[in-house]
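# Analysis of the macromolecular model
Residue-level listing of the chains:
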Amino acid sequence: MVASAQKPGGLKKVLGPFDLVLMGIGAIVGTGIFVLTGTGAVTAGPALTLSFIIAAIACGFAALCYAEFASSVPVAGSIYTYSYFTLGELVAWMIGWDLLLEYGLATSAVAVGWSGYFQSLLKGIGIVLPEALRAAPGAQPGVDTLFNLPAFLIMMCLTFLLSLGVRESARLNNIMVIIKTGVVILFIVVGVNYVKPDNWQPFMPFGAGSVLSAAALVFFAFIGFDAVTSAAEEVKNPARDLPIGIIGSLAVCTVLYVAVAAIMTGIVPFMQFEGVDHPVSLALQVAGQDWVAGFVDLAAILGMSTVILVMAYGQTRILFAMSRDGLLPARLSVVHPKYGTPYFATWLVGIIFGLIAALVPLGVLAELVNIGTLAAFSLVSVAVIILRKKRPDLPRAFRCPGVPVVPGLAIVFCLVLMSFLSWHTWLAFGIWILIGLAVYFLYARQRSLLNTQ
């Protein structure tokens, strides 16, 4: 697998540590900080800060495991590749199948959120889209919506950019990440002056269980750092740069999330966020800082754009890796001779999930994302323990500390958060996994390079 990644005509090595940290921040800072903070505040109250810390700890343990693998097995495909290397083809297929759903629905869900902010921005300058083109069918009760045109168009625009090359995509991502991070910091600097400590009382109004429930919810806000590992094959010095990108982006985002949650709930009593899809700008409006609120709305649009960009990028690289192993049609791993990207796979992902964003309501889209990610994090933690036993001689530029304790804690945290997800989510996830097993045994297994060599 590593050898195949080094053949001529493969992906270009153009990314450095700064690109990777910003890529991680680009994937993380988006819907979570601009939308889910309001829902989380209603669930946990001011203790939302603890919910973010718990979710960050779970991600942190998993990030250390990811960093060891990424620096040891620097090929495209993220956790799919690592699972293939340690746990065998069937497990790798299933986790790759899981990630295809997770990354794909994440891009679709964020595109729908982007559409809402973009339409709000248009409305502010007097432009209102026709009713039929504002949202997916059934997304707005009592309104005859048919197609979410802005969600589809942003998916097409970013797909076009991704198809042109990773360097070009990374440059735009870096610019947008710097802007939106600056606006988040502006919110912190301005908002801290309007905090009323009385709004933090009671700190935990609904008990410890609500804090864990909110942690399971806002876990979505941290999804993205794992997408950095999908870029492994295009990194100049993966042994050094990948751990920096993974851990650095997670650390930066954790600090930003906790600060924003604390200031938000300090400005506005937490129950006032009920049903609000722009909680950060609402806090500024309550503080009388409308000019900053306008910047926050713009940053939300940029923030969600980078999330779509990075998650779509990650998904195409997983398709690329699975195709190269013979588990999916060979055309998905063909690299464009001019642009150096998996061109067909990129457009296939963009069109399919662009249509899903346009035709499926947001609530349905978001249902499976968290459980798929938590399952992936658990598996990579198991894989680190197994690989330490099976291949103690494998060169590791970065070693996860405290094995097997740290990977074990990652597994425990992920399973606890999974237990707070609804049974509907578990059922839907189970159905998707059964479909994946059927595809593997009826198609992929017979065509796998592992079984045909």
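Residues numbered from 1 in each chain as written. Predicted model: local features only at pLDDT ≥ 70, side-chain atom pairs only at ≥ 80, totals over all residues. Heavy atoms only, no water.

Going by the annotation in an unreviewed UniProt entry, the name recorded for the protein is Amino acid permease, with Massilia hydrophila given as the source organism. Database annotation for the protein, UniProt heading Subcellular location (unreviewed entry): "Membrane". (UniProt positions renumbered as here; feature names shortened; annotations may be inferred.)

### Here we look at the packing of helix α4 (residues 48–72) against helix α15 (residues 369–390)
One way to put it is that α4 packs onto α15 with a least axis distance of 9 Å and a crossing angle of 50°. The orientation of α4 with respect to α15, classified from their angle, is oblique. The chirality of how α4 crosses α15 is left-handed. Between α4 and α15, the residues in contact are C59, A62, C65, Y66, E68 and F69 and A376, F377, V380, S381, A383, V384, L387 and R388, respectively. Across the contact of α4 with α15, the residue classes tally to 11 nonpolar, one polar and two charged. (Axes fitted to C-alpha atoms, helices over the stretch in contact; angles between N-to-C directions. Helix = DSSP H or I, 4+ residues; strand = E, 2+ residues; numbered from the N terminus. Parallel < 35°, antiparallel > 145°, perpendicular 65-115°, else oblique. Left-handed = near helix turned anticlockwise from the far one by under 90°. Contact = heavy atoms within 4.5 Å. Nonpolar A, V, L, I, M, F, W, Y, C, P; charged D, E, K, R; others polar.)

### Brief notes about the nonpolar core
Counting 146 residues, the largest nonpolar core has F34, W93, F187 and F225 as its most contacted members. For this core, the element with the most residues is helix α12 (residues 290–324), which contributes 18 residues. (Core = buried A, V, L, I, M, F, W, Y, C linked by side-chain atoms within 4.5 Å. Buried < 20%, exposed > 50% of the residue type's maximum accessible area, 1.4 Å probe, protein only.)

### Some remarks on the pattern of salt bridges
Applying the stated criterion to the full structure yields two salt bridges. For E68, the salt bridge identified is with R388, shortest N-O distance 2.8 Å. Of this pair, E68 sits in helix α4 while R388 sits in helix α15, and the two are 320 residues apart along the sequence. The burial state of E68 is the same as that of R388; both residues are buried. Here D393 and R391 are joined by a salt bridge, their closest N and O atoms 3.3 Å apart. With relative accessibility at 31%, the residue R391 sits in the partly exposed group. (Salt bridge = Lys/Arg side-chain N within 4 Å of Asp/Glu carboxyl O.)

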